[in-house]
Amino acid sequence: MTLLSTAPTPPPPAPPAPRASAARRARRALGPYAYVAPFFALFAAFGLFPLLYTAFVSLYRVELQTPGEMQWRGLDNYAALFTDTYFWTSLRNTFTIGVLSTVPQLAMALGLAHLLNYRMRARTFFRTAVLLPYATSVAAATLVFAQLFGRDFGVANYLLGLAGIAPVDWQTGTVASQLAVSSIVVWRWTGYNALIYLAGMQTIPAELYEAAELDGASRWRQFLHVTLPGLRPTILFTTVVSTIGATQLFGEPLLFEGSVSGGISHQYQTLGLYMYEQGWGFFHLGRAAATAWVTFLLILALVGANALYARRRSRQEAAR
């Protein structure tokens, strides 16, 4: 008797997986947009709309007492702006105060970050302490510095007297008042930029420093040839942000003496103070809006110049 062997029966094929419904595919496609939609909605409401409405108002004559009455002026607000000597004075003051505050601020922040990057005792405490000036309000910091730079009883003139230098009228002189206002900005923002530089330094590979040390490079040469090239994107970022902040400087010069004119001869009036004076001092909202748009275009020009310079440097380094 012979036994017939039969092959095992293969299992039946699994049923095909059900296709995702149209609603599920739509949710997957629109999900990322739903997460970012609140930001763009807030930006449109509180950023884009005011920007466009300011451009609209800058073409009309609008007074603060009667904001509902608008008279078409076209580009006359801009023409009046460019023929005003105080506008050019505020523009020059914005540039000089920006340079006096930005250059020392970033240089000191870079050196401070380099020191904080080393291993030392209480390193966490010092890293936290450098951020305290940034946490101080503009009003408190400016009022303190206004007392320090007082003409009769200020600490600055007291120290100058110990060195045999005559007292300086910090609120009347052009250069002196701009130096005083710039010192407030430097004090408040140096620690903030130092922490940004410190974060950038910690992303630089330690192998680069070890290789430079094996080649006999000193710490100064390591800083020049390793740290600075590695921090170039971070330096560009802080330069752009500091430039924007200097262009929009308002609180420090306003509270330094309490005058929207920036001193008796407008010696430290910035574009922000000039815009405030036109809108809320002289009640010319149309001209204030034109000033705001000129400031906005100036910021775009400065940021574009920084971007072109960074791109040119990158191309030059790539060609080497």
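First, a word on scope: everything that follows refers to the structure included in this document. (Residues numbered from 1 in each chain as written. Predicted model: local features only at pLDDT ≥ 70, side-chain atom pairs only at ≥ 80, totals over all residues. Heavy atoms only, no water.)

Let's talk about the overall build of the protein chain
When helices and strands are tallied, the protein chain shows 14 helices and two strands. Taken over C-alpha atoms, the radius of gyration comes to 30 Å for the protein chain, far larger than the 20 Å a tight globule of 320 residues would show. Oriented by its inertia axes, the alpha-carbon framework of the protein chain measures out at about 130 × 70 × 40 Å. Buried positions account for 34% of the 320 residues belonging to the protein chain. Long-range contacts, defined as pairs at least 24 residues apart, comprise 67% of the intrachain contacts of the protein chain with a sequence gap of at least 6. Accessible area for the protein chain stands at about 20500 Å²; split by element, carbon and sulfur atoms hold 68% of it. Positive and negative side-chain charges in the protein chain, numbering 23 and 14 respectively, have mean positions lying 16 Å apart. (Helix = DSSP H or I, 4+ residues; strand = E, 2+ residues; numbered from the N terminus. Rg over C-alpha atoms; globule rule 2.2 N^0.38 Å. Buried < 20%, exposed > 50% of the residue type's maximum accessible area, 1.4 Å probe, protein only. Contact = heavy atoms within 4.5 Å. Areas by Shrake-Rupley, 256 points an atom, 1.4 Å probe, with all protein chains shown as cover. Lys, Arg positive; Asp, Glu negative; His and termini not counted. Charge placed at Lys NZ, Arg CZ, Asp CG, Glu CD.)

Comments concerning the nonpolar core
Counting 16 residues, the largest nonpolar core has Leu110, Ala113, Tyr197, Met201, Ile204, Val226 and Leu231 as its most contacted members. Contributions of two or more residues to this core are made by helix 3 (85-116), helix 8 (174-201), helix 9 (206-214) and helix 10 (219-230). If one sorts the elements of this core by residue count, helix 3 sits on top with five residues. In this view, Ala113 contacts Ala194, Tyr197, Leu198 and Met201; residues no more than four positions away in its chain are not counted. Residues Ala176, Val181, Ile184 and Val185 belong to the second largest nonpolar core, which totals 14 residues. (Core = buried A, V, L, I, M, F, W, Y, C linked by side-chain atoms within 4.5 Å.)

Quick look at the packing of helix 3 against helix 8
It is at 6 Å that the axes of helix 3 and helix 8 come closest, and there the two elements cross at 40°. As judged from the angle between their axes, helix 3 and helix 8 are oblique. Seen along the crossing, helix 3 lies across helix 8 with a hand that is right-handed. (Axes fitted to C-alpha atoms, helices over the stretch in contact; angles between N-to-C directions. Parallel < 35°, antiparallel > 145°, perpendicular 65-115°, else oblique. Left-handed = near helix turned anticlockwise from the far one by under 90°.)

Focus: the packing of aromatic side chains
The final tally for this structure, using the stated rule, is 22 aromatic pairs. For the pair Phe145 and Phe149, a centre-to-centre distance of 6.3 Å together with 25° between the ring planes defines the contact as stacked. Across the pair, Phe149 and Phe145 agree in class, each one buried. On the numbers, 5.8 Å between centres and 85° between planes, the contact of Phe256 with Tyr268 is edge-to-face. (Phe/Tyr/Trp six-rings, centres within 6.5 Å; stacked < 30°, edge-to-face > 60°.)

Some remarks on the pattern of salt bridges
Applying the stated rule across the entire model yields four salt bridges. Across the salt bridge formed by Arg151 and Asp152, the nearest N and O atoms sit 3.5 Å from each other. Look at Asp152 and you get exposed, because its relative accessible area is 56%. Put simply, Asp169 and Arg151 hold a salt bridge, and the shortest N to O gap is 4.0 Å. With a gap of 18 residues between them, Asp169 in the loop between helix 7 (155-162) and helix 8 and Arg151 in the loop between helix 6 (138-148) and helix 7 connect regions that are remote in the sequence. Relative accessible area serves as the criterion here: at 27%, Asp169 is assigned to the partly exposed category. When salt bridges with common partners are traced through the structure, they connect Arg151, Asp152 and Asp169 into a single cluster. (Salt bridge = Lys/Arg side-chain N within 4 Å of Asp/Glu carboxyl O.)

Interpretation note: all reported values are geometric properties and have no functional meaning in isolation.
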